[in-house]
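Breakdown of the fold
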Amino acid sequence: MGGTSNPGLIVCIGGFALAFIFGAVANRTNFCTMGAVSDVVNMGSWGRMRMWLLAIAVAILGTQALHLAGMIDVTKAIYVRPNVTWLSYALGGFLFGVGMTLGSGCGSKTLVRLGAGSLKSLVVVICLGLASYMTLKGLFGVWRTSWIDPVATDLAAHGIARQDLPTILAAWTGATVQGAQWIVSIVLAGALLVFVFLDRDFRTSFDHVLGGAVVGLVIVGGWYVTGHLGYGENPDTLENTFFATNSHTIESLSFVAPVGYTLELFMLWSDKSLAMSFGIAAVAGIIAGSFAYAIATKTFRWEGLSGSEDTANHIVGGILMGFGGVTALGCTIGQGITGVSTLAVGSLLSFFAIVAGSAATMKVQYWRMMREG
């Protein structure tokens, strides 16, 4: 794997740079996973959903190629651990989907909007960060670890080392894991690419193709930064380690727990045991990238909340995203793209749960609007 004189610094700079690109491109292309679900549910338009699916396909191909080339070891990621906490994935994902609909966007879109001047997104970010930290280490965390996470299926008890699809397929068929990785990656990513590019309107939309391709490549870049450049010998323990990641292992972009760690760092700045990490740098980077694009294109606008109901929706949305995102081990980016790029079963379950939660909330909102009308 990789090595550098100051791997922690390289990891943080890399996280900021990748997220900066993400923020700028997401602002330009209106990359929004909640918007993608909304377009499908409310208008039957699949343009932004195809953009999300393109990002997933690119991330799968790039991540698995890096792994098969020996440049990273994606089997170290938290997503592929053999303990399938299926209730956490399903419940956390569903609640995140509800929250992102009430909060007008997922974690990444909220940070993009914050960079473009949305004060309502600042409210969501604060609530999301507090709830995510409470779910990591506070009151919500007690509930999570006591009642939700224990409901799980341990594949290791059945002789299966990890929960990624290639490992499961290899265990069932007797094929090699490497061979199964090639098959699953090509079949899944290929099917997504065919679905995405069969649509002529999508093929001819520069912004849609740009958004999906760049976001997918940024996820691949995150794996490379933390898993290759940030992997090396710790001078204190003389053991190989992953530097500057909150999970202490290989990571790529995610925007729920890192917001909680960002608030922790700001609130406990004088605590020398805390330090900048890949995730915290990425939170700063996505805001900065969106801000830079908004300033460059003169689209920066202050935006506030419109009333008490709007305020309540965004507060509740932020709390649900914070709790749901940590419980599900990620958001629409953290699980929906980063996690899925590892081909983990739990990531796929979280993805569908997020979409279901968001779609159900939109249906309820539409029903209320029609009833009031």
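Each remark here, short or long, concerns the structure printed above.
Counting of residues starts from 1 at the beginning of each chain's written sequence and follows it residue by residue. At least 70 in pLDDT is required for a residue's local features to be given in this predicted model, at least 80 for side-chain atom pairs to be given and counted, and no such filter applies to totals for whole chains, interfaces and linings, which use all residues. Side-chain metrics rest on all non-hydrogen atoms present in the structure, leaving aside hydrogens and water.

Topic: the side chain of Thr 63
The way it works is that DSSP assigns letters per residue, a run of H or I at least four long becomes a helix, a run of E at least two long becomes a strand, and they are numbered from the N terminus. With respect to the element layout, Thr 63 can be found in helix 3 (residues 47-68). Nitrogen and oxygen atoms within 3.5 Å of one another constitute a polar contact, given that in protein one can donate a hydrogen and the other can accept it, and given that sequence-neighbouring residues count only through two side-chain atoms. Within polar-contact distance, the side chain of Thr 63 engages the side chain of Ser 341 at 3.4 Å. Contacts are assigned to residue pairs with any non-hydrogen atoms lying within 4.5 Å of each other. Aside from chain neighbours lying at most four places away, what touches Thr 63 is Ile 72, Val 74, Val 220, Trp 223 and Ser 341.

Some remarks on the layout of surface pockets
Using a grid of 1 Å spacing that covers the protein atoms alone, one calls a set of points a cavity when a 1.4 Å probe fits there but cannot get out, and a pocket when the set is open and has protein on both sides within 12 Å along at least five of seven lines; lining residues are those with an atom within 4 Å of a point. Grid points are joined across faces, edges and corners, and a volume is the space filled by probe spheres set on the points. In this structure, the largest pocket encloses a volume near 670 Å³. Lining of the largest pocket is provided by 32 residues; of these, Ile 78, Leu 136, Ser 247, Ala 257 and Leu 329 occupy positions nearest its centre. Charged means Asp, Glu, Lys or Arg here, nonpolar means Ala, Val, Leu, Ile, Met, Phe, Trp, Tyr, Cys or Pro, and polar covers whatever is left, Gly included. Here the lining of the largest pocket is built from residues that sort into 15 nonpolar, twelve polar and five charged. Of the pockets and cavities examined, the second largest pocket occupies roughly 410 Å³. When residues of the lining of the second largest pocket are traced back to their parent elements, those giving at least two are helix 1 (7-29), strand 4 (240-242) and helix 12 (257-267).

So, unusual backbone geometry
Unlike most non-glycine residues, Ser 104 shows phi in positive territory, near 65 degrees. With respect to the helices and strands, the residue Ser 104 is situated in the loop between helix 4 (86-102) and helix 5 (107-115). Look at Ser 104 and you get partly exposed, because its relative accessible area is 22%. The residue Ala 244 is not glycine, and still its phi comes out positive at about 60 degrees. With respect to the secondary-structure elements, Ala 244 resides in the loop between strand 4 and helix 12. The partly exposed category is assigned to Ala 244, whose relative accessible area is 23%. The classification of residues rests on relative accessible area computed with a 1.4 Å probe and restricted to protein chains. Under 20% of the type maximum is buried, over 50% is exposed, and intermediate values are partly exposed.

A short note on helix 7 (residues 139-148)
For helix 7, the full list of buried residues reads Phe 140, Gly 141, Arg 144 and Ile 148. For helix 7, the angular spread of the buried residues around the axis is 105 degrees, confining them to a single face. Here the buried face of helix 7 lies against helix 4, helix 6 (119-137) and helix 14 (308-327). The reported arc concerns the directions from the helix axis to the C-beta atoms and nothing else.

A closer look at the packing of helix 5 against helix 6
The geometry of helix 5 relative to helix 6 is characterised by a closest axis approach of 8 Å and an angle of 135 degrees between their N-to-C directions. Comparing their axes, helix 6 and helix 5 come out oblique. Both helix 5 and helix 6 take part in a crossing whose hand is left-handed. The residues of helix 6 that touch helix 5, namely those facing Gly 107, Thr 110, Leu 111, Arg 113 and Leu 114, are Ser 121, Leu 122, Val 124, Val 125 and Leu 128. For every element, the axis is a line fit to its C-alpha atoms; helices are fit only across the contacting stretch, and the angle between N-to-C directions ranges from 0 to 180 degrees. An angle below 35 degrees is treated as roughly parallel, one above 145 as roughly antiparallel, one from 65 to 115 as roughly perpendicular, and anything else as oblique. In this scheme the handedness of a crossing depends on how the near helix is turned from the far one: anticlockwise by less than a right angle means left-handed, clockwise means right-handed.

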